[in-house]
Each structure stands twice: as structure tokens, then as C-alpha cells.
Amino acid sequence: MSEVLDNLRYSEEHEWAQQGEGQIVRVGITDHAQHLLGDIVFVEFPEIGTAVTAGDSVGSIESVKTVSELYSPVSGKVTRVNAALEDKPELLNEQPYGEGWIYEVEVEGDYASATDGLLDAAAYRELVGE
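Residues numbered from 1 in each chain as written. Predicted model: local features only at pLDDT ≥ 70, side-chain atom pairs only at ≥ 80, totals over all residues. Heavy atoms only, no water.

Before going further, it helps to examine the UniProt feature "modified residue: N6-lipoyllysine" (unreviewed entry) in the protein. The UniProt record annotates "modified residue: N6-lipoyllysine" (unreviewed entry) at Lys-65. The class of Lys-65 is exposed, set by a relative accessible area of 59%. Not counting residues within four places of it along the chain, the set of residues in contact with Lys-65 comprises His-35, Leu-36, Leu-37 and Gly-38. Engagement of the side chain of Lys-65 in a polar contact is seen with the backbone oxygen of Leu-36, the distance being 3.4 Å. (UniProt positions renumbered as here; feature names shortened; annotations may be inferred. Buried < 20%, exposed > 50% of the residue type's maximum accessible area, 1.4 Å probe, protein only. Contact = heavy atoms within 4.5 Å. Polar contact = N/O pair within 3.5 Å; in protein donor to acceptor, adjacent residues only side chain to side chain.)

Structure (C-alpha cells):
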């Protein structure tokens, strides 16, 4: 069974969004996604300063099985990427909700409005059949 955290919002493409300081939203992939991908070997990040739109492809995740698109669950400007994943992409498998976060976005408005179209934990569990 995949872990789903109650304090996050989720996209149907299996990314999560977490409220950070101020207008910052931290983004990663879900435990369910990392199970589907298998052993992750490379992450292509969005560039810092890039404007991203919710639902758009912003990078990719390569595993021993496949390459999967990384979609942004929120709109805003990329302010930071998790450089630790360059040397240790397996953090996405080991700690998808912790040290395996992928990037941060500065959103316009507040977290609630930026994540309004995303699923809560109960709806995400239903989506993945948990």
C-alpha cells in the first residue's frame, strides 16, 4: 500500500504540493508514483526562474524501467530545486515526501487558491485505489 499524507494536495498525475513559507509551494512525486516507476536513476528539473503552469510538463524522471514526465501541480515561478537529487536520485524512492522533494514554486496568492484544483488525501486515495 502506498503512503498518502493528509497534509498535502495531490494531482491526478501523482505529484504532491506542500505549503511552505509565505507563497512557496514544495513539489514532489507521490509514494504511489515512485512505486510505479521503480528504481529512479535521474531527475530533470525545471530551471530556477522559469514560469510554470499547473498541468504542464516541467521535467522528467528516469527510472530503470521508463522515463516519465514531471508535471507541475501549481502555477508560479520556480525558486529552488533539490540539488541533492543530482547525486542521489534514489531519494525519490526512499523518501518521496521528505528529502526526495523535487522543486519549489512561488505562487501568486495563497496556498489554498494555488492548490484549489488539486485532490485532497481522501480523493487521492480513491484515485489510486487505496
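After presenting the structure, the write-up continues.
Turning our eyes to something else, we now look at the sheet that holds strand 7 (residues 67-71). Reading across from one edge, 4-6-7 is the order of the three strands in this open sheet, with antiparallel pairing throughout. Every interior strand has two partners, whereas the edge strands, strand 4 (40-44) and strand 7, have only one. Going across the sheet, the axis of each strand differs from the next one's by a mean of 25°, ignoring polarity. For strand 4 and strand 6 (residues 57-63), the ladder comprises four bridges, and the chain directions are antiparallel. Note that in strand 6 the partner of Phe-42 across the bridge is Glu-62. (Pairing = 2+ DSSP bridges. Helix = DSSP H or I, 4+ residues; strand = E, 2+ residues; numbered from the N terminus. Axes fitted to C-alpha atoms, helices over the stretch in contact; angles between N-to-C directions.)

Taken together, the five bridges between strand 2 (residues 15-19) and strand 3 (residues 24-29) define a ladder with antiparallel strand orientation. If you follow Trp-16 over to strand 3, its bridge partner there is Gly-28. Where strand 2 folds back on strand 3, the antiparallel hairpin that results is connected by four residues, among which Gly-22 adopts a positive phi of roughly 60°. With four bridges joining them, strand 3 and strand 9 (residues 103-106) adopt antiparallel strand pairing. Residue pairing in the sheet places Val-25 in a bridge with Val-105 of strand 9.

Taking strand neighbours across the sheet as the criterion, the six strands line up as 1-2-3-9-8-5 in an open arrangement whose pairing is antiparallel. Of all the strands in the sheet, just strand 1 (9-10) and strand 5 (51-52) have a single pairing partner and so form its edges.

Below, the discussion takes up the UniProt feature "domain: Lipoyl-binding" (unreviewed entry) in the protein. UniProt annotation of "domain: Lipoyl-binding" (unreviewed entry) refers to residues 24-106 when read in the numbering used here. In this annotation, residues 24-106 is assigned 18% helix and 42% strand; the end-to-end C-alpha distance for the span is 5 Å.

Its identity is not glycine, yet His-14 carries a phi of approximately 75°, on the positive side. Along the chain, the position of His-14 falls in the loop between strand 1 and strand 2.

Assignment of secondary structure puts Glu-104 in strand 9. Judged by its relative accessible area of 10%, Glu-104 falls in the buried class. Side-chain polar atoms of Glu-104 contact the side chain of Arg-26, separated by 2.8 Å.

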